[in-house]
Amino acid sequence: MEIIEIFFDTNILRNKNHQDYSKFEFGNEYTNFIDYINSKDLTETCHINVAEIVVEELKKQFIDDFNEDDENFRKLIEKFRVYYNFNEPDYKDIIHDLDKKVIEYLKNENINLVLIPKDRAIFNNIIDRVINKEKPFSGKDKETDKGFKDVLQWESMIEFAKKIDSNIFLYITKNKNDFPKEIADEFVKRTNKIMEVPVGDALI
């Protein structure tokens with residue numbers, strides 16, 4: 001049975017509408033994709049992975065969203081304080097326990113966390129890509145940080161692919177500029193394995 005190793009870009013996994021800050025979870029696009037996999041009875045042949053740098057980026061977005069909603073909520077409390085006896089809640093524990101929430105979520109969803117490579121040669125390769133503005137490094141104006149994270153994710157996937165037996169990989173992203181389908185050629189050259197990069201409406 002051929003196993004397909006699936007990776008998602010951050011823009012597919014982000015939860016843009018948090019309903020409950022007491023837990024961490026991916027957004028609707030991820031849920032829809034998993035529902036599709038289940039409906040086609042493909043759960044045994046599709047392994048879900050997420051790069052460590054993607055998780056770190058999602059945690060940052062979670063905290064930013066939380067802080068924005070928290071600020072708006074505190075303004076409402078102040079506005080209605082004359083009518084209701086509100087006490088401002090302390091949400092520090094929610095942020096403090098975020099790592100635990102993430103680990104629990106990945107475990108429950110049976111998602112494999114792919115760590116950032118620590119090898120010096122790989123790090124040098126990342127630096128070379130950054131300097132030369134090679135895909136998936138965008139490196140335009142304020143996007144420099146984003147591009148660096150894209151490179152970390154790409155190198156994480158390549159190193160992971162070298163170490164496992166699976167031969168087919170699927171990378172799902174909306175970022176067709178920094179992850180064009182041509183970049184799959186590099187994946188093949190460095191891993192001797194197949195990489196498909198469906199974009200946008202071609203997710204499923």
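Scroll up to find the structure.
Figured I'd write up the structure that's included with this text. (Residues numbered from 1 in each chain as written. Predicted model: local features only at pLDDT ≥ 70, side-chain atom pairs only at ≥ 80, totals over all residues. Heavy atoms only, no water.)

1. As for the packing of aromatic side chains
Inspection of every chain in the model, using the stated rule, returns 13 aromatic pairs. Ring centres of Y21 and F66 lie 5.3 Å apart, and the angle between their planes is 85 degrees; on these two criteria the pair is classed as edge-to-face. Of the two residues, Y21 is situated in the loop between α1 (10-13) and α2 (28-39) and F66 in helix α3 (residues 52-80); the sequence distance between them amounts to 45 residues. Both residues of the pair, Y21 and F66, belong to the buried class. (Phe/Tyr/Trp six-rings, centres within 6.5 Å; stacked < 30°, edge-to-face > 60°. Helix = DSSP H or I, 4+ residues; strand = E, 2+ residues; numbered from the N terminus. Buried < 20%, exposed > 50% of the residue type's maximum accessible area, 1.4 Å probe, protein only.)

2. What to know about the pattern of salt bridges
Note that side chains of opposite charge can pair when their charged atoms are close. Scanning all chains against the criterion turns up 12 salt bridges. Salt-bridge contacts for K75 lead to E71; the nearest nitrogen and oxygen are separated by 3.7 Å. With K75 and E71 both in helix α3, this residue pair falls four residues apart, about one helical turn. Close ionic contact of E159 with K162 constitutes a salt bridge, the shortest N to O distance being 3.1 Å. Of this pair, E159 and K162 both sit in helix α7 (residues 144-163), three residues apart, which is roughly one turn of the helix. Assessed through its relative accessible area of 43%, K162 is described here as partly exposed. A network of salt bridges, in which partner residues are shared, links E56, K59 and D99. (Salt bridge = Lys/Arg side-chain N within 4 Å of Asp/Glu carboxyl O.)

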